[in-house]
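# Chain and residue survey
For reference, the chains in residue letters:
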Amino acid sequence: MTVALAALVPGALLGWAVYAAVGGSGGDEGPGSAAASPSASPSASASPRTSSPAPSAGSGGGKPGASAAAGGPLVGKVVVIDPGHNPGNFEHTAEINRQVDIGTNRKECDTTGTSTDDGYAEAEFTLDVAHRMRALLEKQGATVKLTQDGDRPFGPCVDERARIGNEAKADAVVSIHADGSGAGNRGFHVILPGAVDAGAADTRAVVGPSGDLGTRIAGDFVRVTGSAPSNYVGDGTGLVTRKDLGGLNLSTVPKVFIECGNMRDSEDAALLTSGAWRQKAAQGISEGIVSFLRG
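Residues numbered from 1 in each chain as written. Predicted model: local features only at pLDDT ≥ 70, side-chain atom pairs only at ≥ 80, totals over all residues. Heavy atoms only, no water.

## With respect to the overall build of the protein chain
A count of helices and strands for the protein chain gives 8 helices and 10 strands. Considering the protein chain as a whole, with its 295 residues, one finds that 58% of them fall into the buried category. In the protein chain, the proportion of contacts linking residues at least 24 apart, taken out of those at least 6 apart, comes to 84%. For the protein chain, the accessible area works out to roughly 10700 Å², and carbon and sulfur atoms hold 54% of it. (Helix = DSSP H or I, 4+ residues; strand = E, 2+ residues; numbered from the N terminus. Buried < 20%, exposed > 50% of the residue type's maximum accessible area, 1.4 Å probe, protein only. Contact = heavy atoms within 4.5 Å. Areas by Shrake-Rupley, 256 points an atom, 1.4 Å probe, with all protein chains shown as cover.)

Spelled out as C-alpha cells, the structure:
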C-alpha cells in the first residue's frame, strides 16, 4: 500500500486529471453488485462506533430545504448526499424487491445493503458519513439535502433517489456506500456513469462533469484517508464506469457513487467501524466536492 500511495498522492493533488474507467462490480442496487450479502439489523451490531454529529435543523429527509452557512465559497450551490440504503429496508423486503424502471432495464427498488461480519450495517455507515459530510459542506456555505435520513420506513427506491437530485437541480450528487466483496479485497472505488441513452435514461450530458467530480473525490479520498484504491476493481485507479445503476442512469445532474471500503474484509472493516476514520472519509469526499464546485 505504501508504494501505491506514493504514486497516487501526487496524482491526487493534480485532481487525477488522467484516469481509466472500466466496468466492474460494486454499487448496491441489486444483482451484479459485489455487496450482495444481506445486512444484519443495525440493532445487532457489535462493532464499537462513534455517534454521528447531530443533524442540523431543516437539512434532513431529502426533499425539504436545507440550511446553509451565511457565507462561504459554496453559497448558492446545492449538494445532494444519497446515503445508500435505509436502516429499515431489511424489514420491508417485499417493498424493496419491487421492480422499477432504470432506463436500460428494470431493477429492484433497493437492497438491504451489506454489513461487517459482526453486524455493523452499511445503512448505518452511510448515514453517519452523510451527516458528517453535511456538517462540513454547510460550513462552506452549501445547501445540503439528503435523499433519506432514516426518517422513512424504507427506501427511497433508486429511481426516486435520482429524481430527488434532479428536482433539487443539484450541482453535485454523491451516493455513499460500502462494498460487500470477499475477504482480501480491499480499498475504495468511485463509480462513474457511463453514456446511456435508453428509455427514461440519458446520461450523455452529465458523463463529463460526473467524471470530473469522481476523479476529484478519488484523489482527495486517497490524500485525506490514506486508503488505497480498490485492489479488485478499477485496475488500481479507484475509478469504475457502470451503466446498470438506476441512481446514475436516471440522473440529469453530475453524480457518482463511492464505495468507501469492503465491509467483508477485516482490515477495511476496522476502518469503516472507526468514527475517526469515518470523519476522514467524510472530509475526503467533501473536499473532492468542494474542488469540483469551485472549478
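Moving on, there is more to tell.
## Looking at unusual backbone geometry
In this chain, Gly-155 is followed by Pro-156 through a cis amide linkage whose omega measures 10°. Along the chain, the position of Pro-156 falls in the loop between strand E4 (143–146) and helix H4 (158–167). Despite not being glycine, His-85 has its phi angle at roughly 70°, a positive value. Within the secondary structure, His-85 sits in the loop between strand E1 (78–83) and helix H2 (93–96). In the Ramachandran plot, Asp-235 falls in the positive-phi region, its phi being about 55° despite a non-glycine side chain.

## Examining the nonpolar core
Nonpolar side chains in soluble globular proteins generally cluster together in the buried interior. Of all hydrophobic cores here, the largest spans 38 residues; its most connected members are Phe-125, Leu-137, Ile-176, Ile-258, Ile-285 and Ile-289. Elements supplying a minimum of two residues to this core: E1, helix H3 (122–139), E4, strand E5 (172–179), strand E6 (189–193), helix H5 (207–225), strand E10 (255–262) and helix H8 (275–294). A per-element tally of this core places H8 first, with 8 residues. Among all residues touching Phe-125, those that are not within four sequence positions of it are Tyr-120, Ile-176, His-177, Ala-178, Cys-260, Met-263, Leu-272, Trp-277 and Arg-278. In this structure, Val-80, Ala-168, Ala-170 and Val-253 belong to the second largest nonpolar core, which totals 6 residues. (Core = buried A, V, L, I, M, F, W, Y, C linked by side-chain atoms within 4.5 Å.)

## Overview of the confidence of the model for the protein chain
Confidence along the protein chain averages 84 in pLDDT terms, with 76% of residues attaining 70 or more. Below a pLDDT of 50 lies the segment residues 1–27, which in the model reaches 67 contacts outside its immediate sequence neighbourhood of four places, other chains included. Note on residues 30–69: pLDDT is under 50 here. Beyond four places in sequence and across chains, it has 124 contacts. (pLDDT = per-residue confidence, 0-100.)

## Digging into the side chain of Arg-264
Take Arg-264: it is sitting in the loop between E10 and helix H7 (266–272). Within the structure, Arg-264 has its side chain in polar contact with the backbone oxygen of Ser-115 (distance 3.2 Å). Side chain to side chain, Arg-264 and Asp-117 meet in a polar contact 2.9 Å long. (Polar contact = N/O pair within 3.5 Å; in protein donor to acceptor, adjacent residues only side chain to side chain.)

## Quick notes on the sheet that holds E10
What the 6 strands build is an open sheet, ordered E4-E1-E5-E10-E6-E9; its pairing is mixed. Looking along the sheet, the strands with just one partner apiece sit at the ends: E4 and strand E9 (239–242). Ignoring which end each strand starts from, the neighbouring axes of this sheet average 25° apart. Of the pairings in the sheet, the one linking E1 to E4 comprises 4 bridges and is parallel in character. Pairing of Val-78 across the sheet is with Thr-143, part of E4. Where H5 meets the sheet, its contacts fall on E5, E6, E9 and E10, and the angle it forms with E10 comes to roughly 30°. (Pairing = 2+ DSSP bridges. Axes fitted to C-alpha atoms, helices over the stretch in contact; angles between N-to-C directions.)

## Regarding the packing of aromatic side chains
Counted under the stated rule, the structure contains 2 aromatic pairs. Centroid distance Phe-188 to Phe-221: 4.8 Å. Interplanar angle 55°. Geometry classified as tilted. You can see Phe-188 sitting in the loop between E5 and E6 and its partner Phe-221 sitting in helix H5, a full 33 residues away along the chain. As far as the burial class goes, Phe-188 and Phe-221 line up, both buried. Relative to Trp-277, the ring of Phe-221 has its centre 6.0 Å away and its plane inclined at 80°; by these criteria the two rings are edge-to-face. (Phe/Tyr/Trp six-rings, centres within 6.5 Å; stacked < 30°, edge-to-face > 60°.)

## Side note on the environment of Asp-212
Locating Asp-212 in the fold gives a position in helix H5. Judged by relative accessible area, Asp-212 falls into the partly exposed class, the value being 30%. Linking Asp-212 and Gly-295, residues 83 residues apart in sequence, is a C-alpha distance of 9.6 Å. A polar contact is formed between the side chain of Asp-212 and the side chain of Arg-216, at a distance of 2.8 Å.

## Re the pattern of salt bridges
What the rule picks out here adds up to 17 salt bridges. Here Asp-265 makes a salt bridge to Arg-186, at a shortest N to O gap of 3.5 Å. With Asp-265 in the loop between E10 and H7 and Arg-186 in the loop between E5 and E6, this pair connects stretches of sequence that are 79 residues apart. Accessibility assignment for this pair places Asp-265 and Arg-186 in one class, buried. One salt-bridge network, in which partners are shared between bridges, spans Arg-186, Asp-265, Glu-267 and Asp-268. (Salt bridge = Lys/Arg side-chain N within 4 Å of Asp/Glu carboxyl O.)

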